[in-house]
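Chain by chain, the residues run as shown.
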Amino acid sequence: SGSADDSIIIKEVSSSSSSRSADEQKKRTKEEKDQEIPKRGDIKAIISQVYGIVDSNSDGHWTFREVRDAAKDSKGTFPRVDEKAFKALDQNQNGAIELEEYTTSVLSAVQRLPVSQREEARKQMQAALENIAASIRA
């Protein structure tokens, strides 16, 4: 089990070679990333949906109160986050967590999993999304 800092920074590693063209490098990088995180688009969609549910006033920013309320209202499906963890996720230190910051955090956590566990993590995220949506909107 890691700290909040463990899920903050995403490090996308792609191999490149000076002998490959820029287009080849982009294509290769995308293929490598697709292999690293199965159904990554699905993960991003899940992240975006969770973000929208928790962003109760739909202003594009999570406040500490919104995150705290989501954890309470979801009956444990959405993780509790203390102020220290919230500040760690708030990379630009503006007092709110934007979608990009949350996405970076989640993708980083998934990327650190062994490849064999990433698809299961995506399935668990989908189930959590459904539980969060049902409990918060109920």
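Model, not experiment: these values are computed from the prediction.

Colleague: Can you help me understand the nonpolar core in this one?
Modeller: In terms of nonpolar packing, the biggest core is built from 25 residues, with Val 50, Trp 62, Phe 78 and Tyr 102 touching the most fellow members. Among the secondary structure elements, those contributing two or more residues to this core are helix 2 (40-54), helix 3 (64-73), helix 4 (83-89), helix 5 (99-111) and helix 6 (115-137). Considering each element in turn, this core owes the most residues, seven residues, to helix 2. With near-sequence residues (within four places) excluded, Phe 78 lies in contact with Val 50, Val 54, Trp 62, Val 67, Ala 70, Ala 71, Tyr 102 and Ile 132.

Colleague: Please clarify how the packing of aromatic side chains should be interpreted in this entry.
Modeller: Working definition: an aromatic ring pair is given by the centre-to-centre distance plus the angle between the planes. Overall, the coordinates contain five aromatic pairs when judged by the stated rule. Seen in terms of ring centroids, Tyr 51 and Trp 62 are 4.6 Å apart; in terms of plane orientation they differ by 10°. Their pairing is stacked. With Tyr 51 in helix 2 and Trp 62 in the loop between helix 2 and helix 3, the pair connects residues that are 11 residues apart, well separated along the chain. Judged by relative accessible area, which is 2%, Trp 62 ranks as buried. Their ring planes at 40° and their centres at 6.3 Å tell us that Tyr 51 and Tyr 102 sit as a pair that is tilted. Separated by 51 residues along the polypeptide, Tyr 51 in helix 2 and Tyr 102 in helix 5 bring together distant segments of the chain. Both residues of the pair, Tyr 51 and Tyr 102, belong to the buried class.

Colleague: Would you take a moment to explain the pattern of salt bridges for this structure?
Modeller: Side-chain pairs of opposite charge can arise whenever the charged atoms involved come near each other. Enumeration over the complete set of coordinates arrives at four salt bridges. In this structure, Asp 69 and Arg 65 form a salt bridge, with 3.8 Å as the shortest nitrogen-oxygen distance. With Asp 69 and Arg 65 both in helix 3 and four residues apart, this pair spans about one turn of that helix. Take Arg 65: its relative accessible area is 57%, and that puts it in the exposed class. The exposure class of Asp 69 is partly exposed, given its relative accessible area of 23%. Through salt bridges with shared partners, a single network forms among Asp 42, Glu 119 and Arg 122.

The rules behind these values
Residues numbered from 1 in each chain as written. Predicted model: local features only at pLDDT ≥ 70, side-chain atom pairs only at ≥ 80, totals over all residues. Heavy atoms only, no water. Core = buried A, V, L, I, M, F, W, Y, C linked by side-chain atoms within 4.5 Å. Buried < 20%, exposed > 50% of the residue type's maximum accessible area, 1.4 Å probe, protein only. Helix = DSSP H or I, 4+ residues; strand = E, 2+ residues; numbered from the N terminus. Contact = heavy atoms within 4.5 Å. Phe/Tyr/Trp six-rings, centres within 6.5 Å; stacked < 30°, edge-to-face > 60°. Salt bridge = Lys/Arg side-chain N within 4 Å of Asp/Glu carboxyl O.

These results come straight from atomic positions and should not be treated as a statement about function.
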